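What the coordinates show
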Amino acid sequence: MSARARPPSGLASRPPSSSAAASRASAFRNPLDNWLAEQCGAQGADAGNFVRALRDARARALAHCLEYAASRSAFYARALSGCDLNRITPENLQGLPFTTADDLARWEDFLCVSRGDVQRMVTLHTSGTTGSPKRLAFTEGDIARTMDFFRVGMSQLVGPEQKLAVLLPGAERPDGVADLLRQTLRPQGVEVCTPPPELLAAALSPCASGQCPSAVLHAPATVPTALPQDMVQWLADIQPHCLVAAPAQLEGLLHYFPKGGPPGLCGLLSSADRLDPVLRHVLATVWNCTVLDHYGLTETGYGGAVECAAYDGYHMRLLDMIVEIVDFCGDEPLPPGEAGEVVITTLRREAMPLIRYRTGDVANILSAPCACGSPLPRLGPVRGRLERCGSRVRVVQMPKGGGTPASGNQTGMAAPMGPHCATGDWGDWM
Ligand SMILES: [Zn+2]
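Below, the structure is looked at part by part. (Residues numbered from 1 in each chain as written. Predicted model: local features only at pLDDT ≥ 70, side-chain atom pairs only at ≥ 80, totals over all residues.)

Let us now look at the overall build of the protein. Along the protein, the regular secondary structure elements total 12 helices and 16 strands. Of the contacts made within the protein by residues no fewer than 6 positions apart, 67% connect residues no fewer than 24 positions apart. (Helix = DSSP H or I, 4+ residues; strand = E, 2+ residues; numbered from the N terminus. Contact = placed C-beta atoms within 7 Å.)

The subject of this paragraph is the sheet that holds strand S5 (residues 242–245). Read across the sheet, nine strands follow the order S4-S3-S5-S6-S7-S8-S9-S14-S13 without closing on themselves; strand pairing throughout is mixed. In this open sheet, the two strands that pair with only one neighbour each are strand S4 (191–193) and strand S13 (365–366). Sheet analysis places strand S3 (residues 163–166) next to S4, joined by three bridges and oriented parallel. In the sheet register, alanine 165 faces S4, and the bridge partner there is cysteine 193. Strand contacts of helix H6 (residues 177–185): S3, S4 and S5, with the helix running at about 165° to S3, the strand carrying the most contacts. (Pairing = 2+ DSSP bridges. Axes fitted to C-alpha atoms, helices over the stretch in contact; angles between N-to-C directions.)

Taken as a whole, H6 has its buried residues at Val177, Ala178, Leu180, Leu181, Thr184 and Leu185. On an axial view of H6, the arc spanned by its buried residues comes to 160°, and they lie on one face. (Buried ≥ 20, exposed ≤ 12 C-beta atoms within 10 Å, placed from the backbone. Arc of directions from axis to C-beta.)

Once that is clear, we can look at the environment of histidine 125. Tracing the chain through its elements places histidine 125 in the loop between strand S1 (118–124) and strand S2 (134–139). Owing to 16 C-beta atoms within 10 Å, histidine 125 belongs among the partly exposed residues under this scheme. When the C-alpha positions of histidine 125 and alanine 105 are compared, they lie 9.9 Å apart, and in sequence the two are 20 residues distant.

Phi is positive for glutamate 161, which is not a glycine, with a value near 65°. Counting through the fold element by element, glutamate 161 comes out in the loop between helix H5 (140–154) and S3. For glutamate 161, a count of 9 C-beta atoms within 10 Å corresponds to the exposed category. Phi at arginine 356 takes a positive value of approximately 50°, unusual for a residue other than glycine. Overall, arginine 356 belongs to the buried group, with 21 C-beta atoms counted inside 10 Å.

Pasting the structure below:
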């Protein structure tokens, strides 16, 4: 094993410990704001101070990330040569090249650490136009930061002496999502339960073949809604306070629990696929529980952004990534409110930083303060997936029932598409 890689940011190399975070007074109502304030050193409860400290910390982290990637990654050494990195800010990344899913097929070119420093390697077969699998590597530090995000995000749903049942596949794999949740929440006094592997294998065959949960996001049609009766019995036996599950699994459970949720259930976290607004409404009302949705990709280190109880957008890991919304028929960043392609720049990734990575997801940024009191921008709900074929682009995977995408209590939604898509094929845009 070689020495650990220098962390790619001017911030602490590891997330603050839970005890340190707990000892800090909660200045803001949203736990994710308190988490970010802790990391960027913001003092007090003044929102202006918090926003400024966060902005400065992100600028430092971005400058470090760019230097780190350009000096350690063969891909970015080439891609960033000739770029004036001193002019780049988190608010304006124009001038930097984009990274695509196809690029990740040459994953070795992205690696910034020795292979001995790679703690987890994930292979995805479902994205990109070349058909070549893309691979993503993570260090121990990368995984630790994801776990810290999980800890804070899940604190909205589950606490000490409560049970969390994770139905997402991967419980048996070290550092899979379920395993990370277990490692994260067990020290918090949360009992994390996972179904016997054979129940998940019966319900989610694509993931049983070794794909990670985020791969499901890119191939939702392969996820059946049926769940075995034994899974229902398992839930009745353990009586979890909270569930983490994919929308298809929740839809399947709804058939078994049509008039009330599983006994004892108080909260749900939906992940690994887009949560249909109607399904969310039905689950929240029929099961009488809090239903939060999570947005994350393998490329974001699994964790990306999570809703709060105000259901007013997804609070992002703003010290771990920059989210741009870009015209997907061109390269222009779009202003808040306008829907376009979600483009991710990681800020503190050690193994494989990604700079302006085009996710293929369609969403927008909500810039008005959240109803929870957070002053920070949030990601709006994913409204579709992009499919590219040469110069043609189209959007697929729209909300069930058509009409206005992401209707309901989401705010700040622009019209389905603006003038940025003149070359697109919008036959599937309902
Ligand atoms: Zn909020």
